[in-house]
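# Fold and contact review
The residues making up each chain are set out below.
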Amino acid sequence: MRSLLRPAAGLTCLFALATAGCSAGSDGTSDAAPATPRQSTGAAPSQNAASRTSYAPYVNAAEASANDAAGSPAAYNLAFVISDGSGCTPEWNGQYAVDDTAVASRVSALTETGASVRVSFGGASGKELAATCDSVAELTRAYGAALDAAGSTQADFDIEGEELTDADSVALRSRAIAALQEERPDLEVSFTLPVMPSGLDSDSLALLTSANKYDVQVSAVNLMTMNYGESYTGDMGGYAITSATAAHTQLKGIFGTADADAWKGMALTSMIGVNDVDNETFTLADAAEVRAFAEQKGIAWVSMWSTFRDQQCEDGTDADDALTNCSGVEQTAGAFAEAFSE
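Residues numbered from 1 in each chain as written. Predicted model: local features only at pLDDT ≥ 70, side-chain atom pairs only at ≥ 80, totals over all residues. Heavy atoms only, no water.

For the protein chain, the name recorded in an unreviewed UniProt entry is Chitinase, with Streptomyces phaeoluteigriseus as its organism.

Put into structure tokens, the structure is as follows:
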């Protein structure tokens with residue numbers, strides 16, 4: 001994650017010597033150069049100590065859901081920009097050109113209420129662009145094209161599976177993001193990473209270390225609090241809190257920040273209802289539990305996968321599967337959004 005981002009006047013530096021314009025002992029308003037190499041800020045610049053945790057669900061970039069506006073999101077995570085296959089051309093879900101008119105209309109509708117849109121690169125399917133682009137310049141252009149098409153100054157990188165273990169693509173991505181931030185000083189970057197109740201694994205920690213190495217400025221680390229494994233049969237809200245607490249300690253170590261600032265530099269994303277792993281079901285009570293915890297700690301935002309699942313399945317649907325268009329639990333439409341935003 002990156003930080004060519006400056007805190008608002010009067011705010012303290014979020015990570016020690018991290019934000020451009022901050023230096024040791026600064027009150028957050030100095031323009032002096034950092035005394036040591038910059039690190040990621042770990043907190044969204046739009047957040048401050050008095051602000052509430054925002055709600056920012058994942059949405060389909062091309063198709064609307066009737067539940068998109070439930071909970072009055074402050075931002076939408078547009079899923080997902082990936083490679084067109086084997087080249088360096090960015091596409092939405094490998095199906096739509098980044099400048100497709102359907103996506104443009106979708107973005108316009110989502111932002112009518114003042115919400116922002118965050119372009120999410122990667123995801124669990126297809127190839128993230130860093131795995132198919134050949135150079136930093138080429139990858140930077142591909143990322144920039146998607147951001148420009150969406151009119152967005154927020155980029156999320158959802159890195160999981162094989163691409164999380166690919167050191168070459170991790171380094172290429174870090175270098176391209178750093179270059180992109182040099183071009184776009186207002187660009188906010190987050191990384192979405194898998195987590196366990198024990199915290200982030202070694203591959204995720206290596207990715208964040210790479211981001212630091214190449215001076216990527218990080219707005220937030222978004223934890224995917226879901227799909228832990230078949231042995232995790234307990235309370236999913238409790239697992240999310242345990243995972244966040246473990247990751248909080250790790251983020252402090254990586255970025256060298258204080259407790260409160262590490263919480264501000266965190267986001268939590270849950271898979272609502274039935275998860276992809278047997279015996280894992282995230283309930284409305286779990287959503288309320290996670291929301292309360294996030295508010296208490298000052299976490300940047302909470303999210304869910306996804307708005308088009310935030311409704312009860314029709315009769316006769318197999319609720320034991322992790323369904324793409326419903327949650328698999330008894331609920332009213334939009335109920336998870338309301339629980340995450342209250």
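So, next bit.
### A few points about the nonpolar core
Core analysis: the biggest nonpolar cluster contains 78 residues, and Phe121, Tyr143 and Phe191 have the highest contact counts within it. Counting residues per element, this core draws most heavily on helix α5 (residues 236-255), at nine residues. Membership of the second largest hydrophobic core comes to six residues, among which are Ala56, Ala75, Ala220 and Trp301. (Core = buried A, V, L, I, M, F, W, Y, C linked by side-chain atoms within 4.5 Å. Buried < 20%, exposed > 50% of the residue type's maximum accessible area, 1.4 Å probe, protein only. Helix = DSSP H or I, 4+ residues; strand = E, 2+ residues; numbered from the N terminus.)

### Digging into the state of the cysteines
Counting across every chain of the model gives two disulfides. In this model Cys88 forms its disulfide with Cys133; the gap between the sulfur atoms is 1.8 Å. Residues Cys88 and Cys133 share a disulfide whose torsion about the S-S bond is about 90 degrees; that sign makes it right-handed. With a gap of 45 residues between them, Cys88 in the loop between β3 (75-83) and β4 (90-92) and Cys133 in the loop between β6 (116-122) and α2 (136-150) connect regions that are remote in the sequence. Cys133 sits in the buried class, given a relative accessible area of 6%. The disulfide bridge from Cys313 ends at Cys326, spanning 2.1 Å between sulfur atoms. (Disulfide = S-S within 2.5 Å.)

### A look at helix α1 (residues 101-110)
Turning to α1, its buried residues are Val103, Arg106, Val107 and Leu110. Taken down its axis, α1 places every buried residue within 95 degrees of arc, on the same side. Buried residues along α1 sit against β2 (58-60), β3, β4, β5 (96-97), β6 and α2. A distance of 2.8 Å separates the backbone nitrogen of Ala102 from a side-chain oxygen at the start of α1, and that oxygen is part of Asp100. (Arc of directions from axis to C-beta. Contact = heavy atoms within 4.5 Å. Polar contact = N/O pair within 3.5 Å; in protein donor to acceptor, adjacent residues only side chain to side chain.)

### Looking at the pattern of salt bridges
Taken as a whole, this structure holds seven salt bridges when the rule is applied. One salt bridge connects Lys264 with Asp261, and the closest N-O pair in it is separated by 3.7 Å. Here Lys264 pairs with Asp261, and both are found in helix α6 (residues 259-264), just three residues apart, close to one helical turn. By relative accessible area, which is 17% here, Lys264 ends up buried. A salt bridge links Glu295 to Arg291, with the shortest nitrogen-to-oxygen separation between them at 2.4 Å. Here the residue Glu295 and the residue Arg291 both occupy positions in helix α7 (residues 284-297), the gap between them amounting to four residues, near one helical turn. Look at Arg291 and you get buried, because its relative accessible area is 2%. Connected through salt bridges with shared partners, the residues Arg52, Arg291 and Glu295 form a single ionic network. (Salt bridge = Lys/Arg side-chain N within 4 Å of Asp/Glu carboxyl O.)

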